[in-house]
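What follows is the residue order along each chain.
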Amino acid sequence: DIIEHERQYSEELQTKPVVSSRTQFGYAYVLIKSPYDNDVRLGIKLLQELCQSGVNQRDFVYYLAVGYYRLREYGPAIKYCERVLDMEPGNHQAMQLMEIIKKKRKSDAMLGAAVLGGGAAALTGGLLLAGAVVAAGLAAFRKR
């Protein structure tokens, strides 16, 4: 699907003065859904161009939020969800995405804290073990 959209986008880029917003959005959409971060980043770039061109459709902004969420860049993702809600208060899709982002950000923060805490515990345990070995060695040395 990406290949077909890329072909159409490239063809319009070469043969027309401006790529149609429909073609650019279609290409950006499939890139945002890609499992590869570089594709997602390109999709975000294309969507940002569409927004800067004066066309500020809700779908463009929504998929910017999705793209940033997929890259685990939660601050910009929330910002774009809020923009959708400014354009369309009560938009359930944007409200659901914002909840998902906030939960994921919180769980990622807790996981990060656990990893850091585990690392600190391992370091402390290692230092205590090293201290015990040194103390035992000194004690054995003094007995001689």
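Structural data are supplied above this passage.
Heads up: these notes are all about the structure in this document. (Residues numbered from 1 in each chain as written. Predicted model: local features only at pLDDT ≥ 70, side-chain atom pairs only at ≥ 80, totals over all residues. Heavy atoms only, no water.)

Turning to unusual backbone geometry, a few remarks are in order. Residues other than glycine seldom take positive phi values, yet Arg72 does so here, at roughly 65 degrees. Given the relative accessible area of 49%, Arg72 is considered partly exposed. (Buried < 20%, exposed > 50% of the residue type's maximum accessible area, 1.4 Å probe, protein only.)

When you line up the elements, Gly43 lands in helix α3 (residues 37-52). Accessibility expressed as a relative area gives 0% for Gly43, which makes it buried. Contacts of Gly43, omitting those with residues within four sequence positions, involve Ala28, Leu31 and Ile32. (Helix = DSSP H or I, 4+ residues; strand = E, 2+ residues; numbered from the N terminus. Contact = heavy atoms within 4.5 Å.)

This brings us to the packing of helix α1 (residues 2-15) against helix α2 (residues 21-32). Look at α1 against α2: their axes get within 9 Å of each other, and the N-to-C directions meet at 150 degrees. Judged on the interaxial angle alone, α2 and α1 are roughly antiparallel. In the packing of α1 onto α2, the handedness of the crossing is left-handed. Facing Ile2, His5, Glu6, Gln8, Tyr9 and Glu12 of α1, the residues of α2 in contact are Thr23, Gln24, Gly26, Tyr27, Val30 and Leu31. (Axes fitted to C-alpha atoms, helices over the stretch in contact; angles between N-to-C directions. Parallel < 35°, antiparallel > 145°, perpendicular 65-115°, else oblique. Left-handed = near helix turned anticlockwise from the far one by under 90°.)

Okay, helix α4 (residues 58-70) next. End to end, α4 covers 18 Å across 13 residues, agreeing with the expected 18 Å (1.5 Å per residue, within 8%). Within two residues after α4, Arg72 carries a phi angle of roughly 65 degrees, on the positive side. (Expected span 1.5 Å × (residues − 1).)

For the rest of this paragraph, the subject is the packing of aromatic side chains. With the rule as written, the count across this model stands at eight aromatic pairs. Measuring from ring centre to ring centre gives 5.1 Å for Tyr62 and Tyr63, while their planes differ by 85 degrees; the resulting arrangement is edge-to-face. By relative accessible area, Tyr62 is classed as buried at 9%. Given the relative accessible area of 16%, Tyr63 is considered buried. Aromatic rings pair up to connect Phe25, Tyr29, Phe60, Tyr62 and Tyr63 into one cluster. (Phe/Tyr/Trp six-rings, centres within 6.5 Å; stacked < 30°, edge-to-face > 60°.)

Right, let's get into the pattern of salt bridges. Two side chains bearing opposite charge may form a pair once their charged atoms approach each other closely. Scanning all chains against the criterion turns up seven salt bridges. In this structure, Glu11 engages Arg7 in a salt bridge whose closest nitrogen and oxygen atoms are separated by 2.9 Å. Placement of the pair is Glu11 and Arg7 together in helix α1, with a separation of four residues, close to one helical turn. Note on Glu11: relative accessible area 44%, which makes it partly exposed. Residue Arg7 is classed as partly exposed on the basis of its relative accessible area, which comes to 43%. Between Glu73 and Arg41 there is a salt bridge; the shortest N-O distance is 3.5 Å. Here Glu73, found in the loop between α4 and α5 (74-87), pairs with Arg41, found in helix α3; they are 32 residues apart in sequence, far enough to count as distant. Looking at Glu73, the relative accessible area reads 30%, which means it is partly exposed. If you follow the salt bridges from partner to partner, you end up with Glu4, Arg7 and Glu11 in one network. (Salt bridge = Lys/Arg side-chain N within 4 Å of Asp/Glu carboxyl O.)

In short, the description is geometric, and any link to function would need to be established separately.
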